[in-house]
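# Descriptive structure summary
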Amino acid sequence: MAVYADIKVDCGPDFVTLMWTEGRPQADTSLLRLGSCFPTSFSAGEAYFYVDLTDCNFRILVTGDVLLYSNDLTYVASEDSYNLAFTHPVVCAYERPKDWYSSQQIYDPVFKTYGLGDLQFTLGLMNDDFSGPAESTSFPLGSIIPIMASVVQKSHQPLLLLLEECVAATTPELHPESTMYPIISNKGCLLESVSSQSKFEPRQKSSEMRLSLQAFKFAMGDEVFIHCKLLAWDPNGLDSTKKACHFVKGHGWELLDNLAQSNLCDCCESKCKSRRQRSVSSEKHGMVQKAVIGPFTITDVNS
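Let me begin by describing the structure that accompanies this report. As the structure is a computational prediction, the values presented were derived from the model and not from experiment. Each chain carries its own residue numbering, running from 1 in the direction its sequence is written. Only residues with pLDDT of at least 70 get local features here, since the model is predicted, and only at 80 or more are side-chain atom pairs given and counted; chain-wide, interface and lining totals rely on the full set of residues. The basis for every side-chain value is the complete set of non-hydrogen atoms in the structure, without hydrogens or water.

### Some points on the overall build of the protein chain
Heads up, the condition is: Secondary structure elements follow DSSP: runs of H or I no shorter than four residues count as helices, runs of E no shorter than two count as strands, and numbering proceeds from the N terminus. The buried label goes to any residue with under 20% of its type's maximum accessible area, the exposed label to any with over 50%, and the partly exposed label to all in between, with areas taken from a 1.4 Å probe on protein chains only. By definition, residues are in contact when any of their heavy atoms lie within 4.5 Å. Using the Shrake-Rupley algorithm and a 1.4 Å probe, accessible areas are obtained, with residue cover drawn only from the displayed protein chains.
Looking only at helices and strands, one finds 0 helices and 21 strands in the protein chain. Every one of the 303 residues in the protein chain was classed for burial, and the buried ones make up 47%. Across the protein chain, the fraction of contacts at a sequence separation of at least 24, relative to all contacts at a separation of at least 6, is 63%. Carbon and sulfur atoms make up 51% of the accessible area of the protein chain, which totals about 15500 Å².

### Here's the deal with unusual backbone geometry
Cis geometry is adopted by the peptide bond preceding proline 295, which originates at glycine 294 and carries an omega value of 5°. The topology assignment puts proline 295 in strand β21 (residues 286-299).

### A closer look at the pattern of salt bridges
Definition in use: For salt bridges, the criterion is a side-chain nitrogen of Lys or Arg within 4 Å of an Asp or Glu carboxyl oxygen.
According to the stated counting rule, one finds 4 salt bridges in the structure shown. Across the pair lysine 187 and glutamate 164 runs a salt bridge, and its minimum N-O distance is 4.0 Å. Residue lysine 187 is located in the loop between β14 (180-185) and β15 (189-190), and its partner glutamate 164 is located in strand β13 (residues 160-169); the two are separated by 23 residues in the primary sequence. Linking lysine 229 and glutamate 164 is a salt bridge whose minimum nitrogen-to-oxygen distance equals 3.6 Å. On the criterion of sequence distance, the pair formed by lysine 229 in strand β18 (residues 224-233) and glutamate 164 in strand β13 is long-range, its members being 65 residues apart. Accessibility assignment for this pair places lysine 229 and glutamate 164 in one class, buried.

### Overview of the pairing of strand β10 (residues 119-125)
This is how the line gets drawn: Two strands qualify as a pair provided DSSP detects at least 2 bridges between them.
Counting buried residues in β10 gives 7 out of 7 residues, a clear majority hidden from the surface. The side-chain alternation of β10 yields two buried faces, one formed by Leu119, Phe121, Leu123 and Leu125 and the other by Gln120, Thr122 and Gly124. Two strands pair when backbone bridges link them, and β10 and strand β12 (residues 144-152) are joined in this way by 6 bridges, in the antiparallel orientation. Across the sheet, the residue bridging to leucine 123 is alanine 149, located in β12.

### Describing the state of the cysteines
The condition is simple: A pair of sulfur atoms, both from cysteines and within 2.5 Å, is called a disulfide here.
Per the stated rule, a full pass over the model turns up 6 disulfides. Linked covalently through their sulfurs, cysteine 37 and cysteine 56 form a disulfide whose S-S length is 2.0 Å. Taking the sign of the torsion about the S-S bond as the criterion, the disulfide between cysteine 37 and cysteine 56, at about -95°, is left-handed. Here cysteine 37 is found in the loop between β3 (32-34) and β4 (41-42), whereas its partner cysteine 56 is found in the loop between β5 (46-52) and β6 (59-63), with 19 residues between them in sequence. Classification of cysteine 37 as buried rests on a relative accessible area of 17%. Bridging cysteine 245 to cysteine 265, the disulfide has an S-S length of 2.1 Å. Here the disulfide of cysteine 245 and cysteine 265 is left-handed, its torsion about the S-S bond being about -80°. Placement of the pair is cysteine 245 in strand β19 (residues 245-248) and cysteine 265 in the loop between β20 (252-255) and β21, with a sequence separation of 20 residues. For the pair cysteine 245 and cysteine 265, a shared accessibility class is recorded, and that class is buried. In the protein chain, the bonded cysteines, numbered by position in the sequence, are linked as 1-4, 2-3, 5-7, 6-11, 8-9, 10-12.

Structure follows, in structure tokens:
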């Protein structure tokens, strides 16, 4: 990186500033990205970022008494550019506030990030208002487990993120002998919403999905992992196999993104059949990524 540019990072109490002074000829500084954020300002040879730690899809790692906020500074080269694309890590370290989480043990982060092509998928356990990572990995039976999935779109056209399927299991990898509990199935039907308070929350952005999952009776007290298939899709291409449906008491199955098209959820009671087409992962307008979060535990409030 020193060959290409001079980088100066200042980690503020709740923000980060970054100045990139470009050394490569014909480099377009407007193509720099800090996570999902564009430069705050840029000129022929410089790019400046002033961003909050809660923006730009910063990742948080908690270990001991340290909070690490990390992100990637990327250069998205155009097809006719002589300058190659690159990624440069940006990390800020802070002392962990004493009340940041209750456990004093080293905390394995519950956010997991997966890359597929130039898309970056994230799946994680969240706190109650989805404003940050979960402060505990123990959930009493009947409590709400907040889960958020997202995809960083980078240079892509706007994409709609869908949870095609999710299962709970007692192993970090799925095997034929794994004990499993279906949560989302049938191409986007939230099965748990039929008999519990589980539901999809209203979207804040098309590239995110928020799931409020009511803790269910499964592998009580043991480690639980949730395995999901995440789908980034064309927002205008919803059908019975590309959807997000949950059951609303007194109303039946509803489509998260457009109540007027809730008939797409009718197949949740039977079989939502796939259209005859090539694998989504090979199509230009959609990509699939498998992801897993955990471990966490579901505890019996009466024990």
